[in-house]
Amino acid sequence: MKTIIIATNNKGKVREFEQFFAKYAIKVKSLADIRKKIRIEETGSTFRENALIKARTVCKALKKPVLADDSGLEVAILNNQPGVYSARYAGENSNDYLNNQKLLYMLRGVPFKLRKARFVCALALVYPKGKEIVVEGTCEGYILEEMRGKNGFGYDPLFYVPALNKTFAELTEEEKMKISHRGRALEELEKVLENDEDSGRK
Ligand code: IMP
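Just so we're clear, the structure is a prediction, and the values are computed from it rather than from any experiment.

1. Considering a nonpolar patch on the surface
On the surface, Tyr 97, Leu 98 and Met 147 cluster together into a nonpolar patch covering about 280 Å² of accessible area. Positionally, Tyr 97 belongs in helix H3 (residues 96-106).

2. Brief notes about the pairing of strand S1 (residues 2-6)
Summarising the sheet, S1 and strand S2 (residues 26-30) pair through five bridges and their orientation is parallel. From the neighbouring strand, Thr 3 faces S2, where its bridge partner is Lys 27. Crossover handedness for the path S1 to helix H1 (residues 11-22) to S2: right-handed.

3. Notes on the pattern of salt bridges
In this structure the tally under the stated criterion is 16 salt bridges. Between Glu 16 and Lys 176 there is a salt bridge, with its nearest N and O atoms 2.6 Å apart. Taken together, the positions of Glu 16 in helix H1 and Lys 176 in helix H4 (residues 173-179) put the pair 160 residues apart, joining distant regions of the chain. Just as Glu 16 is buried, Lys 176 falls in that class too.

4. Here's the deal with the site of the ligand
By nearness alone, 18 residues border the ligand, and Lys 13, Asp 156, Lys 176, His 181 and Arg 182 come closest of all. Take Lys 54: an N or O atom from its side chain is 3.4 Å from an oxygen atom of the ligand. At 2.9 Å from a nitrogen atom of the ligand is found a side-chain nitrogen or oxygen belonging to Arg 182. Comparing atom positions with the cavity grids shows the ligand to sit within the largest pocket. Going through the elements one at a time, strand S3 (66-75) and helix H5 (181-194) are the ones with two or more residues in the shell around the ligand. Top element by residues in the shell around the ligand is S3. It accounts for four residues. Its residues assigned to classes, the shell around the ligand comprises four nonpolar, six polar and eight charged.

5. Brief notes about helix H2 (residues 47-62)
For H2, with 16 residues, the first-to-last C-alpha span of 23 Å sits near the 22 Å given by 1.5 Å per residue. Burial in H2 covers these residues: Phe 47, Asn 50, Ala 51, Leu 52, Lys 54, Ala 55, Val 58 and Cys 59. Contact partners of the buried residues in H2: S1, H1, S3, strand S5 (116-126) and strand S6 (132-143). A positive phi of about 55 degrees marks Lys 63, the residue just after H2.

6. Quick look at the packing of aromatic side chains
The relative placement of two aromatic rings is captured by the distance of their centres and the angle of their planes. Applying the stated criterion to the full structure yields eight aromatic pairs. A centroid spacing of 6.4 Å and a plane angle of 25 degrees characterise the contact between Phe 17 and Phe 21, whose relative ring orientation is stacked. Here the residue Phe 17 and the residue Phe 21 both occupy positions in helix H1, the gap between them amounting to four residues, near one helical turn. Accessibility expressed as a relative area gives 7% for Phe 21, which makes it buried. A centroid spacing of 4.8 Å and a plane angle of 55 degrees characterise the contact between Phe 159 and Phe 168, whose relative ring orientation is tilted. Just as Phe 159 is buried, Phe 168 falls in that class too. Site record: aromatic cluster; members linked through ring pairs are Phe 17, Phe 20, Phe 21 and Tyr 24. Sitting above the plane of the Tyr 89 ring, Lys 102 keeps its charged end 4.4 Å from the centroid. Stacked on the ring of Tyr 105, the Lys or Arg Arg 108 has its end atom at 4.0 Å from the ring centre.

Definitions and limits used
- Residues numbered from 1 in each chain as written.
- Predicted model: local features only at pLDDT ≥ 70, side-chain atom pairs only at ≥ 80, totals over all residues.
- Heavy atoms only, no water.
- Patch = residues over 30% accessible without salt bridge, like charges linked within 9 Å, V, L, I, M, F, W, Y side chains within 5 Å.
- Areas by Shrake-Rupley, 256 points an atom, 1.4 Å probe, with all protein chains shown as cover.
- Salt bridge = Lys/Arg side-chain N within 4 Å of Asp/Glu carboxyl O.
- Helix = DSSP H or I, 4+ residues; strand = E, 2+ residues; numbered from the N terminus.
- Pairing = 2+ DSSP bridges.
- Right-handed = clockwise from strand over helix to strand, strands pointing away.
- Buried < 20%, exposed > 50% of the residue type's maximum accessible area, 1.4 Å probe, protein only.
- Near = heavy atom within 4 Å.
- Polar contact = N/O pair within 3.5 Å; in protein donor to acceptor, adjacent residues only side chain to side chain.
- 1 Å grid on protein atoms, 1.4 Å probe; cavity = no way out; pocket = protein on both sides within 12 Å on 5 of 7 lines; lining within 4 Å.
- Sits in = over half its atoms within 2 Å of the grid points.
- Nonpolar A, V, L, I, M, F, W, Y, C, P; charged D, E, K, R; others polar.
- Expected span 1.5 Å × (residues − 1).
- Contact = heavy atoms within 4.5 Å.
- Phe/Tyr/Trp six-rings, centres within 6.5 Å; stacked < 30°, edge-to-face > 60°.
- Lys NZ or Arg CZ within 6 Å of the ring centre and 35° of its normal.

Function cannot be read off these values alone, since they describe shape.
So this is what it looks like as structure tokens:
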């Protein structure tokens, strides 16, 4: 069975990638499955930069093609915060619950129509010989005033999609993947790879 290395420790992301790659019979390996300790300095100021930093660092350490995901939530009325700081919005040792609570606090008193937000996902695929592919996907929604749903991870329980009348946390993985920032970025990646016949050999 073919394997793809994903430069992440985020279990929520790993589950979504596993589900996506299962249809190609490709097994996902995350940093948690790799013995080597790899230090990644996420110093970029954009999702693209950070995705490239992660993929390049892990590709260099393992000498294998590596896919990295850098993603996060941009809330319009908060000047697109938390953005690239989404994972550590409530502090360095933060967790999903605390990040959601901080977001609710920052948006206290803000009416629904001004709670517009979008998820962004940048995917970088880097090959040992230097070839690099970067794609992006986004998904628009609103931040609710309380958490709804038990699925997913991160800000999913607060991220409401009007067309479905559901939060991301009320969707199955498959339903989320059809419309999510990550699903859309993966669609883009599929298109690029289909048009790039020799990408697997680089
Ligand atoms: P990263 O691992 O540095 O890319 O940080 C990603 C962070 O953005 C996660 O820890 C979540 O807080 C948030 N995030 C990214 N994608 C999603 C998603 O699909 N659902 C909910 N939160 C997400």
